[in-house]
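Descriptive analysis of the structure
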Amino acid sequence: AVAFSQDGKVCVTGGEDASLCLYNSRGEKLGRVASAHRAAVTSVAFLADGRLLTAGRDKRMVVWKLVEGGAHGR
């Protein structure tokens with residue numbers, strides 16, 4: 001799964017390894033959240049307020065606040 005922030009400055013990916021990776025618009029990795037879910041990440045989306053919403057095969061939805069070095073909070 002992949003999504004871009006509304007301003008196009010941040011990209012987030014999620015996949016089979018259940019982690020999230022954040023990149024800037026130049027493709028440089030900003031951070032990684034290992035084990036963001038208990039199973040594969042199936043969807044990622046940026047909310048209007050800049051937070052990140054993810055869903056996974058673990059049947060959970062998680063709302064993240066992006067912070068330097070990755071994401072924080074649930």
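Here is what the cut-offs are and how they apply
- Residues numbered from 1 in each chain as written.
- Predicted model: local features only at pLDDT ≥ 70, side-chain atom pairs only at ≥ 80, totals over all residues.
- Heavy atoms only, no water.
- Buried < 20%, exposed > 50% of the residue type's maximum accessible area, 1.4 Å probe, protein only.
- Helix = DSSP H or I, 4+ residues; strand = E, 2+ residues; numbered from the N terminus.
- Pairing = 2+ DSSP bridges.
- Salt bridge = Lys/Arg side-chain N within 4 Å of Asp/Glu carboxyl O.
- pLDDT = per-residue confidence, 0-100.
- Contact = heavy atoms within 4.5 Å.
- Polar contact = N/O pair within 3.5 Å; in protein donor to acceptor, adjacent residues only side chain to side chain.

1. Points about the pairing of strand β3 (residues 20–24)
Of all five residues that make up β3, four are buried, and the element is covered over most of its length. In this sheet, β3 lies alongside strand β2 (residues 10–14) in antiparallel orientation, the contact comprising five bridges. If you follow Thr13 over to β3, its bridge partner there is Cys21. Between β2 and β3, which follow one another and run antiparallel, lie five residues, and Ala18 among them has a positive phi close to 70°. For β3 and strand β4 (residues 29–33), the ladder comprises four bridges, and the chain directions are antiparallel. Looking across to β4, one finds that Cys21 is bridged to Arg32. If you look at the hairpin formed by β3 and β4, you'll find four residues sitting between the two strands, and Gly27 has a positive phi there, around 85°.

2. Some remarks on the pattern of salt bridges
Going through the model one piece at a time under the given rule, you end up with five salt bridges. Across the salt bridge formed by Glu16 and Arg57, the nearest N and O atoms sit 2.9 Å from each other. You can see Glu16 sitting in the loop between β2 and β3 and its partner Arg57 sitting in the loop between β6 (52–56) and β7 (61–67), a full 41 residues away along the chain. You can call Glu16 exposed: its relative accessible area is 60%. Arg32 is the salt-bridge partner of Asp17, the closest N and O atoms lying 3.4 Å from each other. Of this pair, Asp17 sits in the loop between β2 and β3 while Arg32 sits in strand β4, and the two are 15 residues apart along the sequence.

3. So, the confidence of the model for the protein chain
Across the protein chain, the average pLDDT comes to 91, with 91% of residues at 70 or higher. Of all the helices and strands in the protein chain, strand β8 (residues 70–72) carries the lowest mean pLDDT, 57, while strand β5 (residues 41–46) carries the highest, 98.

4. Side note on the environment of Arg51
Residue position: Arg51 is located in the loop between β5 and β6. Using a relative accessible area of 36% as the deciding quantity, one classes Arg51 as partly exposed. Each C-alpha atom, one on Arg51 and one on Leu66, is 6.3 Å from the other, the two residues being 15 residues apart in sequence. Not counting residues within four places of it along the chain, the set of residues in contact with Arg51 comprises Ala45, Phe46, Val63, Trp64 and Lys65. Looking at Arg51, its side chain comes within polar contact range of the side chain of Asp49, at 2.7 Å.

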